[in-house]
Amino acid sequence: MDKKLGLKIKVNGNLVTNAGLDKDDYVLIGNITFAERNNGSKDFTLNVSGMDGDQNENVYWYGTELKEGDTISFEVIEPPFDDPKTRTKSDIDQEARIKSKLEHYHLLKAKLKDHIK
């Protein structure tokens, strides 16, 4: 089994989470979003979330609004990880995920047929 990796995230030098899942089927997302809209609304946020594929759950560790001058650091780490603050069942069931992966597989197989021996 490969070692699992996660994210140590600090905001203004303060540790906010050691996010990660010690699983074989997971997604981990640490993102900063800047959005400014025509109606004048703005979003400047940091969110740390993901997907526990084994449990078919969306997971969430941390989120906050940011302001100019904030310093954010991301460090790739190994376990131990913090438990997610929340878990919610995904709307996409296992059968739909498998169907989507099979469709992608067949699409790539057809696209790359000249390269497959």
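Residues numbered from 1 in each chain as written. Predicted model: local features only at pLDDT ≥ 70, side-chain atom pairs only at ≥ 80, totals over all residues. Heavy atoms only, no water.

J.: What is the right way to look at the overall build of the chain in this model?
T.: Counting its regular elements, the chain contains one helix and seven strands. Written out in order from the N terminus, the α and β elements of the chain read β-β-β-β-β-β-β-α. For the chain, the C-alpha radius of gyration of 18 Å lies well beyond 13 Å, the compact-globule estimate for 117 residues. In the chain, buried positions account for 25% of the 117 residues. Considering only contacts within the chain whose residues lie at least 6 apart along the sequence, 56% involve residues at least 24 apart. Of the roughly 8700 Å² of accessible surface on the chain, a fraction of 50% belongs to carbon and sulfur atoms. Side chains of the chain carry 18 positive and 21 negative charges; the gap between the two charge centres is 5 Å. (Helix = DSSP H or I, 4+ residues; strand = E, 2+ residues; numbered from the N terminus. Rg over C-alpha atoms; globule rule 2.2 N^0.38 Å. Buried < 20%, exposed > 50% of the residue type's maximum accessible area, 1.4 Å probe, protein only. Contact = heavy atoms within 4.5 Å. Areas by Shrake-Rupley, 256 points an atom, 1.4 Å probe, with all protein chains shown as cover. Lys, Arg positive; Asp, Glu negative; His and termini not counted. Charge placed at Lys NZ, Arg CZ, Asp CG, Glu CD.)

J.: Could you clarify how one ought to interpret the sheet that holds strand E5 (residues 57–65) in this entry?
T.: Sheet strands line up and pair through hydrogen bonds in the backbone, either parallel or antiparallel. Here we have four strands laid out as an open sheet, ordered E3-E4-E5-E7, and antiparallel in their pairing. The sheet is open, and its two edges are formed by strand E3 (26–36) and strand E7 (86–89), each paired on a single side. Ignoring which end each strand starts from, the neighbouring axes of this sheet average 25 degrees apart. With 11 bridges connecting them, E3 and strand E4 (residues 42–52) associate as antiparallel partners. In the strand pairing of E4, Glu36 is matched with Lys42. (Pairing = 2+ DSSP bridges. Axes fitted to C-alpha atoms, helices over the stretch in contact; angles between N-to-C directions.)

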